[in-house]
Amino acid sequence: RQFSAFSPTATAVITPIPERLELYLNFGMGFHSNQAQVALADGRVITRPDGTSFTLHALPRFYGGELGARTHLFDRVDLAAAFWLSYLENETVFDADAAAFVPSDPTRRIGFDLEARARILSWLYADLDLAQASATAVPDQGNGGAVALAPKIYVTGGLTVKHKSGVRAGLRFRYVGERPAFDETSPEYQYFTSRTLPNGAPNPDYDPSRVIAQGYFIVDAYVAYRWRWLEGSASAQNLFNSQWREAQ
């Protein structure tokens, strides 16, 4: 079978202060299909454990839009921020029991992005990127929990040195916050995050860490020198010896 998808996009930009402030609105449609075995099951009706069902789309439609602003201040600071919203007809998730990717419910994501760049000195720069998102299954599909393993907050940034002598160096960090390892409405998530059992007794297995993927904070450093066509560099990763579960 052959499939086609019409994917229009549109952008509107307003510049109330030339070279200082820009406002924009984006909207687009697309599709998501990163697993061939899932795409080949087009039209298949998926039945959930609770008896409800939904139809799988071979090329699940994706709808997204954002409203944002960009500004340039004092000839040395650049800022950008945007609110965005997206909807996907079918989410593809990993089923640990089957060790395979499987189709799931439609999902909705709402988020906020922030970018900041600053030239502190002629040779010293700072930057920060923050992304916050809420990814949940659409409530009217019989499910309203957060999408398993979807990051809720992600931050990167650091300091960078760029000298005309050819020296470059940087101190970089990245942070990923905790996120559910299971859908928040799943029996596993509710059981291990509940302090009490349905009968009111204390839950002896209460342990949120079993169903919540841990966050982490990593700091790296690097230095490099370039002379004409020759460049050498060195880096030190995880300066503070942080420990985290990379596989999550």
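Residues numbered from 1 in each chain as written. Predicted model: local features only at pLDDT ≥ 70, side-chain atom pairs only at ≥ 80, totals over all residues. Heavy atoms only, no water.

Trainee: How do you make sense of the overall build of the protein when you look at a structure like this?
Mentor: Along the protein, the regular secondary structure elements total two helices and 16 strands. Looking at the protein residue by residue over its 248 residues, the buried ones come to 29%. Sequence separation of at least 24 residues holds for 54% of the intrachain contacts in the protein that already meet a minimum separation of 6. Put simply, the protein shows about 15,800 Å² of open surface, and 59% of that area lies on carbon and sulfur atoms. (Helix = DSSP H or I, 4+ residues; strand = E, 2+ residues; numbered from the N terminus. Buried < 20%, exposed > 50% of the residue type's maximum accessible area, 1.4 Å probe, protein only. Contact = heavy atoms within 4.5 Å. Areas by Shrake-Rupley, 256 points an atom, 1.4 Å probe, with all protein chains shown as cover.)

Trainee: Any chance you could explain the packing of aromatic side chains here in plain terms?
Mentor: Where two aromatic rings form a pair, the distance of their centres and the angle of their planes describe that pair. Considering all chains together, one arrives at five aromatic pairs under this definition. The ring of Y125 carries K162 above its face, with NZ or CZ at 5.7 Å from the centroid. (Phe/Tyr/Trp six-rings, centres within 6.5 Å; stacked < 30°, edge-to-face > 60°. Lys NZ or Arg CZ within 6 Å of the ring centre and 35° of its normal.)

Trainee: For this particular structure, what's the right way to read the pattern of salt bridges?
Mentor: Side chains carrying opposite charge are able to pair once their charged atoms draw close together. Counted by the stated rule, this structure contains seven salt bridges. Note that R70 and E22 form a salt bridge whose closest N and O atoms lie 2.4 Å from each other. Placement of R70 in strand β5 (residues 61–73) and of E22 in strand β2 (residues 21–31) is noted, with a sequence separation of 48 residues between them. Accessibility expressed as a relative area gives 38% for R70, which makes it partly exposed. Between E184 and K152 there is a salt bridge; the shortest N-O distance is 3.7 Å. Residue E184 is found in the loop between β13 (179–180) and α2 (187–192), and its partner K152 is found in the loop between β10 (124–137) and β11 (153–162); the two are separated by 32 residues along the sequence. (Salt bridge = Lys/Arg side-chain N within 4 Å of Asp/Glu carboxyl O.)

Trainee: What should I look at first to understand the pairing of β5 in this one?
Mentor: In summary, the side chains of a regular strand alternate between the two faces of the sheet. Relative to β5, β2 is paired through eleven bridges, and the arrangement is antiparallel. Directly across from G28, in β5, lies its bridge partner G64. In terms of strand pairing, β5 meets strand β6 (residues 77–88) through twelve bridges, oriented antiparallel. Along β6, the bridge assignment pairs A69 with A81. Two successive antiparallel strands, β5 and β6, enclose a turn made up of three residues, where F74 displays a positive phi of approximately 55 degrees. (Pairing = 2+ DSSP bridges.)

Trainee: Would you explain the environment of D207 in this entry?
Mentor: Mapped onto the elements of the fold, D207 is located in the loop between α2 and β14 (212–213). Classification of D207 by relative accessible area gives partly exposed; the value is 27%. Separated by 18 residues in sequence, D207 and Y189 have C-alpha atoms that sit 9.8 Å apart.

Trainee: Explain the sheet that holds β5 to me, please; I cannot follow it from the model alone.
Mentor: One key point about sheets: their strands pair by backbone hydrogen bonds, in either a parallel or an antiparallel sense. The sheet built from ten strands is open, its strands ordered β1-β2-β5-β6-β9-β10-β11-β12-β15-β16 with antiparallel pairing. Edge strands, defined here as strands with exactly one partner in the open sheet, are β1 (9–17) and β16 (230–236). Direction aside, the axes of adjacent strands within the sheet are offset by 10 degrees on average. (Axes fitted to C-alpha atoms, helices over the stretch in contact; angles between N-to-C directions.)

Trainee: Before we go on, may I ask you to explain the pairing of β10 in this structure?
Mentor: Two elements, strand β9 (residues 107–119) and β10, share 13 bridges in a ladder whose sense is antiparallel. Opposite D113, over in β10, you have A131 as the bridge partner. Hairpin connection between β9 and β10: a loop of four residues separates the two successive antiparallel strands. Alignment of β10 against β11, held across nine bridges, turns out to be antiparallel. Considered in β11, the bridge of A126 is made with L159.

Trainee: Help me out: how do you make sense of the side chain of T107 in this one?
Mentor: Along the chain, T107 turns up in strand β9. For T107, a relative accessible area of 3% puts it in the buried group. A distance of 3.4 Å separates polar atoms of two side chains, one belonging to T107 and the other to R109. If sequence neighbours within four positions are ignored, T107 has contacts with S86, Y87, L88, E91, T136, A137, V138 and V147. (Polar contact = N/O pair within 3.5 Å; in protein donor to acceptor, adjacent residues only side chain to side chain.)

Read these as layout, nothing more, since geometry by itself doesn't imply function.
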